[in-house]
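Working through the structure, step by step
The chain contents come next:
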Amino acid sequence: MKNVIIACDFKDKEELNSFLNKMPNKRPFLKIGMELFYKEGPLLIKELKQKGYKIFLDLKLHDIPTTVYKAMKNIALLDVELTNIHASGGVKMMEYAKKAIDEVGSSTILIAVTQLTSTSDEALKDELLINTPMNETIKHYAKNTKKAGLVGVVCSPLEAPIMNELGLISVTPGIRFSSNNADDQVRVSTPALAKELGSTYIVVGRSITKADNPVEAYEKCLKEFL
Ligand code: C5P
């Protein structure tokens, strides 16, 4: 199951294709997020699947359980390998999302976002009025995820050991080669460290998409992580 997922943070299909054309003989696992999906729609996903790419559709659903259930049914029809919802939507919302996938009979793996890495300890306390420390919140949300029947979470590689203990898979962004700078990521790990910490999937964006030689960078990730 372990794999490297390339975060395709591109503005449209043209930009995506010009990146994919730099790796014509590869069929990597791609993360398609809101930016591309809201621009290009489900058709893009169907095209990529037809070409043999594996897809993590990163749409982070968060709404009332019935709405998430109905939306997830449409996502499940796309038969992507991975997709996600927000654990903060609650156990019932997560159960409804899982139920939608099961009813469609899709093999899509459903995971949850615990706390966004952009939420600081201060924001958690002062804006969201959550007085429980960040780590405890993350662990509690992960337990809820499991309770709802989901198999894993999106988290930092540094949290992968906790998720392993809970029997959850971890999909971990915030990856940099030691030689890169961190850009806007705060807590970063190398692919090798993510492996050591037990991540199931690493999500790598700019370290591959902005590399002079994306194929070389992708292969370096595979070599270090697998
Ligand atoms: O370019 P970089 O490797 O930093 O990209 C990481 C990707 O993972 C981006 O698409 C970002 O939105 C996503 N992500 C993240 N941290 C999270 C969840 C998603 O960096 N907690």
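The present account deals with the structure reproduced in this document. (Residues numbered from 1 in each chain as written. Predicted model: local features only at pLDDT ≥ 70, side-chain atom pairs only at ≥ 80, totals over all residues. Heavy atoms only, no water.)

Side note on the sheet that holds strand 2 (residues 29-33)
- Pairing in this closed barrel of 8 strands is parallel, and the strands run 1-2-3-4-5-6-7-8 around the ring. On average, each strand axis in the sheet is tilted by 25° relative to the strand beside it, whichever way the strands run.
- For strand 3 (residues 54-61) and strand 4 (residues 82-86), the ladder comprises 3 bridges, and the chain directions are parallel. Bridging across to strand 4, phenylalanine 56 finds its partner in leucine 82.
- Helix 4 (residues 65-77) rests against strand 3, strand 4 and strand 5 (109-113) of the sheet, and its axis sits at about 165° to strand 3. (Pairing = 2+ DSSP bridges. Helix = DSSP H or I, 4+ residues; strand = E, 2+ residues; numbered from the N terminus. Axes fitted to C-alpha atoms, helices over the stretch in contact; angles between N-to-C directions. Contact = heavy atoms within 4.5 Å.)

Structural notes on the environment of leucine 226
- Positionally, leucine 226 belongs in the segment after helix 11 (214-225).
- Judged by relative accessible area, which is 47%, leucine 226 ranks as partly exposed.
- Between the alpha carbons of leucine 226 and alanine 142 there is a distance of 25 Å; along the sequence they are 84 residues apart.
- Among all residues touching leucine 226, those that are not within four sequence positions of it are Lys2, Asn3, Lys195 and Cys221. (Buried < 20%, exposed > 50% of the residue type's maximum accessible area, 1.4 Å probe, protein only.)

Regarding the environment of glycine 198
- For glycine 198, the position within the fold is in the loop between helix 9 (191-197) and strand 8 (201-204).
- With relative accessibility at 16%, the residue glycine 198 sits in the buried group.
- When the C-alpha positions of glycine 198 and phenylalanine 19 are compared, they lie 29 Å apart, and in sequence the two are 179 residues distant.
- Beyond its immediate chain neighbours, meaning those up to four positions away, glycine 198 contacts Lys2, Ala160, Asn164 and Ser170.

Some remarks on the pairing of strand 5
- Of all the 5 residues making up strand 5, 5 are buried; the element is thus mostly covered by neighbouring parts of the structure.
- Here strand 5 shows a buried face lined by Ile109, Ile111 and Val113 and a second buried face lined by Leu110 and Ala112.
- Where strand 4 and strand 5 come together, 5 bridges link them in parallel fashion. Across the sheet, isoleucine 85 pairs through a bridge with alanine 112, a residue of strand 5.
- A crossover connection joins strand 4 to the parallel strand 5 through helix 5 (residues 91-104); in handedness this β-α-β unit is right-handed. (Right-handed = clockwise from strand over helix to strand, strands pointing away.)

Brief notes about the nonpolar core
- Formed by 49 residues in total, the largest nonpolar core has its most connected members in Ile32, Leu57 and Ile85.
- Core analysis: the second largest hydrophobic core is formed by 13 residues, Phe56, Ile111, Val154 and Ile169 among them. (Core = buried A, V, L, I, M, F, W, Y, C linked by side-chain atoms within 4.5 Å.)

Notes on the pairing of strand 3
- With respect to burial, strand 3 is a largely interior element, 6 of its 8 residues being buried.
- Inspection of the sheet shows strand 2 paired to strand 3 by 5 bridges, in the parallel sense. Each bridged residue has a counterpart across the sheet, and for phenylalanine 29 the counterpart in strand 3 is lysine 54.
- For the handedness criterion, the β-α-β arrangement of strand 3, helix 4 and strand 4 is classed as right-handed.

Observations regarding helix 1 (residues 13-20)
- Of all the residues in helix 1, the buried ones are Leu16, Phe19 and Leu20. Summarising the axial view, the buried residues of helix 1 lie within an arc of 95°, below the 170-degree limit, and thus occupy one face.
- Looking at the buried positions of helix 1, the neighbouring elements they touch are strand 1 (3-7), strand 2, helix 2 (34-40), helix 3 (42-51), helix 10 (206-209) and helix 11. (Arc of directions from axis to C-beta.)

Some remarks on the packing of aromatic side chains
- A full pass over the atoms with the stated rule returns 4 aromatic pairs.
- Taken together, a centroid distance of 5.4 Å and an interplanar angle of 35° make the contact between phenylalanine 10 and phenylalanine 19 tilted.
- Here lysine 99 stacks its cationic end above the ring of tyrosine 96, 5.4 Å away from the centre of that ring. (Phe/Tyr/Trp six-rings, centres within 6.5 Å; stacked < 30°, edge-to-face > 60°. Lys NZ or Arg CZ within 6 Å of the ring centre and 35° of its normal.)

Re the side chain of asparagine 84
- As for its placement among the helices and strands, asparagine 84 is situated in strand 4.
- Discounting residues that sit within four places of it in the chain, asparagine 84 has contacts with Phe56, Leu57, Asp58, Leu59, Lys60, Leu61, Met72, Leu110, Ile111, Val113 and Val154.

Points about the pattern of salt bridges
- Applying the stated rule across the entire model yields 10 salt bridges.
- Across the pair lysine 26 and glutamate 219 runs a salt bridge, and its minimum N-O distance is 2.5 Å. Of the two residues, lysine 26 is situated in the loop between helix 1 and strand 2 and glutamate 219 in helix 11; the sequence distance between them amounts to 193 residues.
- Overall, the relative accessible area of 23% leaves lysine 26 in the partly exposed class.
- Here glutamate 224 makes a salt bridge to lysine 220, at a shortest N to O gap of 3.8 Å. On the criterion of helical spacing, the pair formed by glutamate 224 and lysine 220 is a turn pair, its members being 4 residues apart in helix 11.
- A cluster of three or more residues bridged by salt bridges with shared partners is formed by Lys11, Asp12 and Glu15. (Salt bridge = Lys/Arg side-chain N within 4 Å of Asp/Glu carboxyl O.)

All quantities given are derived from atomic positions and should not be read as evidence of function.
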